[in-house]
Amino acid sequence: MSELTVQTRNKRRRWLAIGLPIFLAMAILTGIFLGAVTFTLTDLTEAFRNQTEANALILFNVRIPRLIVAAIAGACLATAGAILQGVMKNPLADPSIIGVTAGAGLAASIAMVALPQYGFLTPAFAFVGAIVAMLCIYTLSWEKGASPLKIILAGVAINALCGALQSGIMILYSDRVQGILPWLAGGFQGRGWYHVEFVWPYAVIGLILAILAIRPLNLMLLGDHTAKLLGAPVERMRFYLILLAALLAGAAVSVAGLLGFVGLVVPHMIRLLIGSDSRYLLPFSMIGGAALVVFTDSLARTVFDPIELPVGILLACLGAPFFLYLLKKNNIRL
């Protein structure tokens, strides 16, 4: 690596360290001020002063919890994607590709469609479904170890199986399908303090563990053979890192629905700019994922007013072309 490349990456890291928090702050302010009811600074001040008026109820019972849930989901998905891409050494690895998201979707479909009396437990069902799917994937891929290739292949199989079972449930209960469609598209409509209270313990624990996993993840990037020579328990580290990614993805999917794109593209775009060092990649992915989802959710509920577009659709429409443009234009040596 040339000295110029090192200087360039350090400069980009400094810019991202400044720019991403600013982007997140601007996204949060956009989410607070814009919506079906537009707030001014005077309205905001009055809402904090008199918390019984209509604007205060909208702010504290609708917008703030929704913003918190969106930020948590974005941070968790982007971090899970960064971890999986590092463990698998594959830039296409993310929770939806290895089957974790599909497991959450199947469990949530059971709660909302097949067992509507337990619909209020949908977040818990989705979270458990993600963890169970990950354990199944790891068990199926284990044979004197679990190589990244076996895990991806097992994940593809579990993904297909869960998708087929989910389609079967929706056909059997076709009269109830309408209620699950917004969740399948991914979005935050109707999210409140209940969802914040449910998801924040898992998210905080998962994100703290992700920061603590920076060194093991950097060791995994060296390859299994080199990591073993350095005395690292490779199989144990791989299992814990994938379990951590499933924890983060399960927490996000439980409150955001099947929100794609974030875990795949956010860490990959950051990696294109600053490289694969997890000391920078993981924190920047957390902030970038939160900022992207909060900002996109604000657009989804304001640009098409009075219709609220599921944020998952908007993320795919905006993000996929930009990602392809980056790949085409990219001349960064990784």
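Details of the structure are given in the entry above.
Every chain is numbered on its own, with residues counted from 1 as its sequence reads. Note on the predicted model: pLDDT of at least 70 is required for a residue's local features to be given, and 80 or more for side-chain atom pairs to be given and counted; whole-chain, interface and lining totals, by contrast, use all residues. Side-chain measures were taken over the full set of non-hydrogen atoms in the model, leaving aside hydrogen atoms and water.

Focus on the overall build of the chain
Next, step 1: By the criteria applied, helices consist of DSSP H or I runs no shorter than four residues and strands consist of E runs no shorter than two, each listed in order from the N terminus. The number of helices and strands found in the chain is 14 helices and zero strands.
Next, step 2: Traced from its N-terminal end to its C-terminal end, the chain shows the element sequence α-α-α-α-α-α-α-α-α-α-α-α-α-α.
Next, step 3: The atom set for the radius of gyration is the C-alpha atoms, and the globule formula is 2.2 Å times the number of residues raised to the power 0.38. Expected size for 334 residues packed as a compact globule is a radius of gyration near 20 Å; at 20 Å, the chain falls within 12% of this value.
Next, step 4: When the backbone C-alpha atoms are referred to their principal axes, the chain occupies close to 65 × 55 × 35 Å.
Next, step 5: Residue contacts are defined here by distance: any two heavy atoms, one from each residue, within 4.5 Å place the two residues in contact. Sequence separation of at least 24 residues holds for 75% of the intrachain contacts in the chain that already meet a minimum separation of 6.
Next, step 6: Summing over all exposed atoms, the chain offers an accessible surface of approximately 15800 Å²; the carbon and sulfur share of this is 69%.
Next, step 7: This count recognises Lys and Arg as positive and Asp and Glu as negative, with His and chain-terminal groups excluded. Note on charges: their place is set at NZ of Lys, CZ of Arg, CG of Asp or CD of Glu. Of note, the chain has its 23 positive side-chain charges centred 13 Å away from the centre of its 14 negative side-chain charges. Computed with the Shrake-Rupley method and a 1.4 Å probe, the accessible areas treat only the protein chains shown as cover for residues.

A few points about the pattern of salt bridges
Next, step 1: The rule for a salt bridge is simple: a side-chain nitrogen of Lys or Arg has to be within 4 Å of a carboxyl oxygen of Asp or Glu. Scanning all chains against the criterion turns up four salt bridges.
Next, step 2: Glutamate 308 serves as the salt-bridge partner of arginine 66, at 2.6 Å between the closest nitrogen and oxygen. With arginine 66 in helix H3 (residues 54–88) and glutamate 308 in the loop between helix H13 (278–302) and helix H14 (311–329), this pair connects stretches of sequence that are 242 residues apart.
Next, step 3: Assessed through its relative accessible area of 9%, arginine 66 is described here as buried.
Next, step 4: Remark: exposure states derive from per-residue accessible area (1.4 Å probe, protein chains only) relative to the maximum for the residue type, with buried under 20%, exposed over 50%, and partly exposed in between. Residue glutamate 308 is classed as partly exposed on the basis of its relative accessible area of 26%.
Next, step 5: For glutamate 235, the salt bridge identified is with arginine 238, shortest N-O distance 3.2 Å. Residue glutamate 235 and its partner arginine 238 are both found in helix H11 (residues 234–256); the two are separated by three residues, about one turn of the helix.
Next, step 6: Judged by relative accessible area, glutamate 235 falls into the partly exposed class, the value being 23%.
Next, step 7: Here the residues in one salt-bridge network are Arg66, Asp297 and Glu308, joined through shared partners.

Re the packing of aromatic side chains
Next, step 1: Only the six-membered ring of Trp is used, alongside the rings of Phe and Tyr, when aromatic pairs are assigned; centres must lie within 6.5 Å, and planes under 30 degrees apart are stacked while those over 60 apart are edge-to-face, with the rest tilted. Considering all chains together, one arrives at six aromatic pairs under this definition.
Next, step 2: Where phenylalanine 198 meets tyrosine 202, the ring centres are 5.6 Å apart and the plane angle is 50°; that geometry is what we call tilted. Of this pair, phenylalanine 198 and tyrosine 202 both sit in helix H8 (residues 193–212), four residues apart, which is roughly one turn of the helix.
Next, step 3: Overall, the relative accessible area of 16% leaves phenylalanine 198 in the buried class.
Next, step 4: You can call tyrosine 202 partly exposed: its relative accessible area is 30%.

These figures capture arrangement, not role.
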